[in-house]
Structures are given as C-alpha cells and as structure tokens.
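Chain by chain, the residues run as shown.
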Amino acid sequence: MSKSKRLMELMMTVNRKRRFKVQELADEFGVSKRTILRDLQELSELGVPLYSEVGPHGGYQVIRERVLPPIAFTEGEAVAMFFAVHALRHYSSLPFEAESASALNKFYLHIPGDIRDRIDSMKNRVDFVTPTRQADAPCLVTLLDAAILGKVLAIEYESKEEDASSRRIQPVSIYANNGLWYCTAYCFLRQGFRVFRCDRIRDATHDSSTEPLQLGDTRLSRQEAAEPREPVRLRAELSRAGVQRCEAELWLAPMLQVREDGSGVIDRDVSRSDIPFYSSFFIGLGNEVVLEEPEELKDTIRKRLSELLARYQ
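Visitor: Quick question: what am I supposed to make of the environment of Glu-156 here?
Guide: Structurally, Glu-156 can be placed in strand E4 (residues 153-157). With relative accessibility at 30%, the residue Glu-156 sits in the partly exposed group. In the structure, Glu-156 is positioned 44 residues away from Arg-200 in sequence and 8.3 Å away in space, judged by C-alpha atoms. Excluding residues that lie within four positions of it along the chain, Glu-156 makes contacts with Ala-164, Ser-165, Ser-166, Arg-200, Ile-201, Arg-202 and Asp-203. Only 2.7 Å separates the side chain of Glu-156 from the side chain of Ser-166, close enough to count as a polar contact.

Structure follows, in structure tokens:
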C-alpha cells in the first residue's frame, strides 16, 4: 500500500475509532510501530487533533471534533453543496450558525477558480426564497441537543394569549417553516405533544429533576403533534386555487383531500381553541373556500368581517 493511500485510510480509521493504541494500528495496516508513529505525526501536522496518554493503559485519542477525510466532488455536486448552505442565510437563527458559515467559507476558498467563477455568476440568478424574520430563536442549539439526547428542559415560553410562563418539555424535533423555527415536544404541563414557536422560547435549561420519557422512536410532524383539544369538526370545500394555497402551508397540507379535477376538501377534527386562527386563515382565502362547518367558526368569520367593514366605512 502506498504511503498516501495509507495516510488516507489511517485518517478514516482514527476518526472511526476515536481511541486506539499504536500497536493496534500497526497490526491492522501491517507496518511497524515506528511507521505508524511517523504517520500519526504527519496527520497531526495536517490538522487531525490527536492526544497521547502515557502509562500501561495509555494510547491515542482524537480530541475535540473529528476531521473528515477529503471527499472528491464533481463540479455539479460542488455547486449544489454551496447553494444548499448558501440558502440558509435567510434565517436569522440557526442551530449551527457559526459552523455553516465556516463550512461555506472553507468550501468556497478551496474549490478551483473556474468553479468559484461559476458560483459567483449564479448568485444573482438563483435563490431559495424564505421570508426574512426579525424574531431570533436563541435556544435552538439547546432544543436540538435535548431532542437528540432525550433530555427534559425547563423553559420560559411567551404565547400569543399570555405572558411568559414556565413549562417543562421534552423536545422531539425542530423544523423550519416559512422563515420561523418550531419545536415539537412533549409538554408535561399539558400532558401531550405540542408545537412551540422557538422564537417565543426565551430561556431553556436542563431539568434534571424530571424523569425523561422514552421518545427515541417518536417522529412527529406538526399536524401529528397537534392533538385536538375540545375537538370540533371542520369541513370546507376548496377551489383549485384554494387547494394550491393550502398546499403551501406545511401544517395544513396533511389535512387536504385533493380531487382529480384539482379541487379539494378539508374534513378534520380541530381544537376549538384554534377557531380564531382558522377564521383569519379562511378570510384570507376569500372566494376560494366555502366553509360548511362548524357554525361557531362561521360566526367568528362574520364577526371579524363586520368589524373590518365598520373600520373602513
């Protein structure tokens, strides 16, 4: 095996093992301990963060973050990778903001000049439109770590209906939609899954006093998490244009039943407490929707339209 190939495979091996002894590597690669020591020295000079421990149980370990081995990209793959990260710039908050900026900078600086020129010429020709929001979500990293590690968090949450309240939640996932971040979590106060706007979570700390639930296999979308409270039947007929507008809403798309002609229907139990939200949404759809039930949602829409009419008379 050539030295360059051995160094490449050695880099992947130490990243995989994290902790190892020189003799183990020498046996695995069929070379002497002295050769492995020279190779490890070269890897260290290349930036692989290695740490040695002395003693009978000593050895080497990779510290801090592991360094990935070089990966060969085609020109098209390089452009796609750049714009995939570049699209995140619209978000004011990211759970890996510094890392994504660093990765994009490294990627851009180390690709060939002609590919950089192609990317520069494409920057003003292609974009991934996401509304730019002023609302920061300072706890994204904490929420994501808790979802991965299965931790319970004590949070301060500001809802639209009330001032900041204390909650204990166990995050399952976070996702971005329409420029905002959301966290699906089990709420110990409501004793069920809820969706929280991440920019309304002002503080989040680990709560070691609460036993976490076994949620490792739980995968919940926003709609699946929204268990109806005081359920009422919502039924509405949609035109083709109405269906298209509803399909653009991540939370609403799973509720749609689309017919062959492109029109559709919503027929689903929803929470009575969400009626004010649905009234605003259906008013925005105008003539593209015909609401059939519930009656109290119709009454709320009539009241709001009357208030709007009085404002502009």
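So that's the structure; there's more coming.
Visitor: Got a minute to help me understand helix H5 (residues 97-110) in this structure?
Guide: In an α-helix, one turn spans 3.6 residues, which is why side chains three or four residues apart end up on the same side. End to end, H5 covers 20 Å across 14 residues, agreeing with the expected 20 Å (1.5 Å per residue, within 8%). Among the residues of H5, those classed as buried are Ser-100, Leu-104 and Phe-107. Looking straight down H5, one finds its buried side chains confined to an arc of 70 degrees; they lie on one side. Among the exposed residues of H5, those oriented more than 90 degrees off its buried face are Ala-98, Lys-106, Leu-109 and His-110. Those residues of H5 that are buried lie in contact with helix H4 (75-86).

Visitor: It is not clear to me how the environment of Ile-169 should be interpreted in this structure. Could you clarify?
Guide: Assignment of secondary structure puts Ile-169 in strand E5 (residues 165-177). Placed 20 residues apart in sequence, Ile-169 and Leu-189 show a C-alpha to C-alpha distance of 8.2 Å.

Visitor: Can you help me understand the packing of H4 against helix H6 (residues 113-122) in this one?
Guide: The axes of two packed helices give the description: the angle between them and the distance between them. Their axes nearest at 11 Å, the elements H4 and H6 cross at an angle of 45 degrees. Taken together, the axis directions place H4 and H6 in an arrangement best described as oblique. Crossing geometry of H4 relative to H6 is assigned as right-handed. Along the contact surface, H4 presents Glu-75, Ala-78, Val-79, Phe-82 and Phe-83, while H6 presents Ile-115, Arg-118, Ile-119 and Met-122. Counted by class, the contact of H4 with H6 contains 7 nonpolar, no polar and 2 charged residues.

Visitor: Would you mind showing me how to read helix H2 (residues 22-29) here?
Guide: Within H2 the residues assigned to the buried category are Val-22, Leu-25, Ala-26 and Phe-29. The buried residues of H2 occupy an angular sector of 100 degrees when the element is viewed end-on, so they sit on one face. With its phi angle positive at about 70 degrees, Gly-30 sits one or two positions after the end of H2.

Visitor: How should I be thinking about the pairing of strand E11 (residues 264-271) in this particular structure?
Guide: Put simply, side chains in a regular strand alternate between the two faces of the sheet. Of the pairings in the sheet, the one linking strand E9 (residues 231-238) to E11 comprises 8 bridges and is antiparallel in character. Along E11, the bridge assignment pairs Arg-235 with Asp-267. By the bridge criterion, 3 bridges tie strand E10 (residues 256-258) to E11 in an arrangement that is antiparallel. From the neighbouring strand, Val-258 faces E11, where its bridge partner is Gly-264. The hairpin formed by E10 and E11 contains 5 residues between the paired strands, and Gly-262 there has a positive phi angle of roughly 95 degrees.

Visitor: Hey, could you run me through a nonpolar patch on the surface in this one?
Guide: Among the surface-exposed residues, Leu-305, Leu-308 and Tyr-312 lie close enough to one another that they form a single nonpolar patch of about 340 Å² accessible area. Checked against the element boundaries, Leu-308 lands in helix H11 (residues 295-312). Taking relative accessible area as the criterion, Leu-308 reaches 37% and is therefore assigned partly exposed.

Visitor: Explanation requested: the nonpolar core in the structure shown.
Guide: When a protein is soluble and globular, its nonpolar side chains tend to lie buried together. Counting residues in hydrophobic clusters, the biggest one holds 21 residues, and the most contacted among them are Leu-234, Leu-238, Ile-266, Tyr-278, Phe-282 and Leu-297. At the level of elements, E9, helix H9 (240-247), E11, helix H10 (275-285), strand E12 (289-293) and H11 are the ones that each hand at least two residues to this core. The leading source of residues in this core is H10, at 5 residues. The residues contacting Leu-238, other than those within four sequence positions of it, are Val-243, Cys-246, Leu-256, Ser-263, Gly-264, Ile-266, Leu-285, Glu-288 and Val-289. Within the second largest apolar cluster, 20 residues are counted, among which are Leu-140, Ile-174, Cys-183 and Ala-204.

The rules behind each value
- Residues numbered from 1 in each chain as written.
- Predicted model: local features only at pLDDT ≥ 70, side-chain atom pairs only at ≥ 80, totals over all residues.
- Heavy atoms only, no water.
- Helix = DSSP H or I, 4+ residues; strand = E, 2+ residues; numbered from the N terminus.
- Buried < 20%, exposed > 50% of the residue type's maximum accessible area, 1.4 Å probe, protein only.
- Contact = heavy atoms within 4.5 Å.
- Polar contact = N/O pair within 3.5 Å; in protein donor to acceptor, adjacent residues only side chain to side chain.
- Expected span 1.5 Å × (residues − 1).
- Arc of directions from axis to C-beta.
- Axes fitted to C-alpha atoms, helices over the stretch in contact; angles between N-to-C directions.
- Parallel < 35°, antiparallel > 145°, perpendicular 65-115°, else oblique.
- Left-handed = near helix turned anticlockwise from the far one by under 90°.
- Nonpolar A, V, L, I, M, F, W, Y, C, P; charged D, E, K, R; others polar.
- Pairing = 2+ DSSP bridges.
- Patch = residues over 30% accessible without salt bridge, like charges linked within 9 Å, V, L, I, M, F, W, Y side chains within 5 Å.
- Areas by Shrake-Rupley, 256 points an atom, 1.4 Å probe, with all protein chains shown as cover.
- Salt bridge = Lys/Arg side-chain N within 4 Å of Asp/Glu carboxyl O.
- Core = buried A, V, L, I, M, F, W, Y, C linked by side-chain atoms within 4.5 Å.

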